[in-house]
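Descriptive structure summary
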Amino acid sequence: MNRTHLFSVGLLFAATTLAAPVLAHDYSQGDIHIEHPWSRPTPPGTPMGVGYMVISNHGNQDVTLTSAQSPRASNVSIHETHMHGGVMRMSPVKGGLVIPAGESVELKPHSYHLMLEQLTQPLAEGELIPVELAFDGAEAMAVELEVHPLDGKEKAMDHSGMHHH
């Protein structure tokens, strides 16, 4: 093999091994695509956690996220944070969260989000929290919320176990 070919193979290997964790955390089923579901760690004794993600509807009909459940919470509800009289308030989304045909809706801080209520145990950084999302107009989907550090930064990939030749 010549040096250029070896370099190309090396680049391809690096691209696939480094990109795989990112790709592995997206979910697709039918016309629905879930991008990067995540959460934050909760201090001991805190009974609630959150869930964030981007839900895309690649179909030609609206789909509604109607509910969610997780073995880690007694109840999971869909909430929206909004300003009311200069005060930030949270309220349940009545009738579910519509994902319009051909569009995406982002569940993020200070906006739409999942509330994981009555947690069975605190959410710890690095954990994957199973959640099943139920839709009207699409099949239910199982996803995992990746618990990110409170500073919002994803952990750097640990290369300590890798060997370089």
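Residues numbered from 1 in each chain as written. Predicted model: local features only at pLDDT ≥ 70, side-chain atom pairs only at ≥ 80, totals over all residues. Heavy atoms only, no water.

Going by the annotation in an unreviewed UniProt entry, the name recorded for the protein is Metal-binding protein, with Marinobacter nauticus given as the source organism.

1. A few points about the overall build of the protein
Looking only at helices and strands, one finds 1 helix and 11 strands in the protein. Put simply, the protein runs from its N terminus to its C terminus through helices and strands in the order α-β-β-β-β-β-β-β-β-β-β-β. In the protein, buried positions account for 34% of the 165 residues. Pairs at least 24 apart in sequence give 67% of the contacts found in the protein among residues at least 6 apart. Carbon together with sulfur atoms contributes 56% to the accessible area of the protein, which is approximately 10300 Å² in total. (Helix = DSSP H or I, 4+ residues; strand = E, 2+ residues; numbered from the N terminus. Buried < 20%, exposed > 50% of the residue type's maximum accessible area, 1.4 Å probe, protein only. Contact = heavy atoms within 4.5 Å. Areas by Shrake-Rupley, 256 points an atom, 1.4 Å probe, with all protein chains shown as cover.)

2. What about the packing of aromatic side chains?
Each aromatic ring pair is summarised here by two numbers: the centre-to-centre distance and the angle between the ring planes. Counting across every chain of the model gives 1 aromatic pair. Summarising the aromatic geometry, the rings of tryptophan 38 and tyrosine 52 are spaced 4.6 Å apart at their centres and angled 45° between planes, so their arrangement reads as tilted. In this pair, tryptophan 38 is assigned in strand β2 (residues 32–39) and tyrosine 52 in strand β3 (residues 48–57), connecting sequence segments 14 residues apart. Here the two residues tryptophan 38 and tyrosine 52 agree in accessibility, since each one is buried. (Phe/Tyr/Trp six-rings, centres within 6.5 Å; stacked < 30°, edge-to-face > 60°.)

3. Description of the nonpolar core
Within the largest apolar cluster, 28 residues are counted, with the highest numbers of intra-cluster contacts made by Ile34, Ile55, Leu65, Leu114, Leu116, Leu133 and Phe135. Sequence-distant contacts of leucine 116, that is, excluding residues within four places in its chain, are made with Pro47, Met48, Gly49, Val50, Gly51, Ala73, Asn75, Val76, Ile129 and Leu145. (Core = buried A, V, L, I, M, F, W, Y, C linked by side-chain atoms within 4.5 Å.)

4. Observations concerning the side chain of serine 39
Considering the arrangement of structural elements, one finds serine 39 in strand β2. Residue classification places serine 39 among the buried residues on the basis of a relative accessible area of 0%. With near-sequence residues (within four places) excluded, serine 39 lies in contact with Val50, Leu123, Leu145, Glu146, Val147 and His148.

5. A look at the pairing of strand β11 (residues 141–147)
Only one face of β11 is covered, namely the face carrying Met141, Val143, Leu145 and Val147; the face carrying Ala142, Glu144 and Glu146 is uncovered. With 2 bridges joining them, β2 and β11 adopt parallel strand pairing. Bridging from a neighbouring strand, serine 39 pairs with valine 147 of β11. With 6 bridges connecting them, strand β10 (residues 128–136) and β11 associate as antiparallel partners. The residue of β11 that forms the bridge with valine 131 is valine 143. Where β10 hands over to β11, the hairpin turn is made up of 4 residues, of which glycine 137 adopts a positive phi near 105°. (Pairing = 2+ DSSP bridges.)

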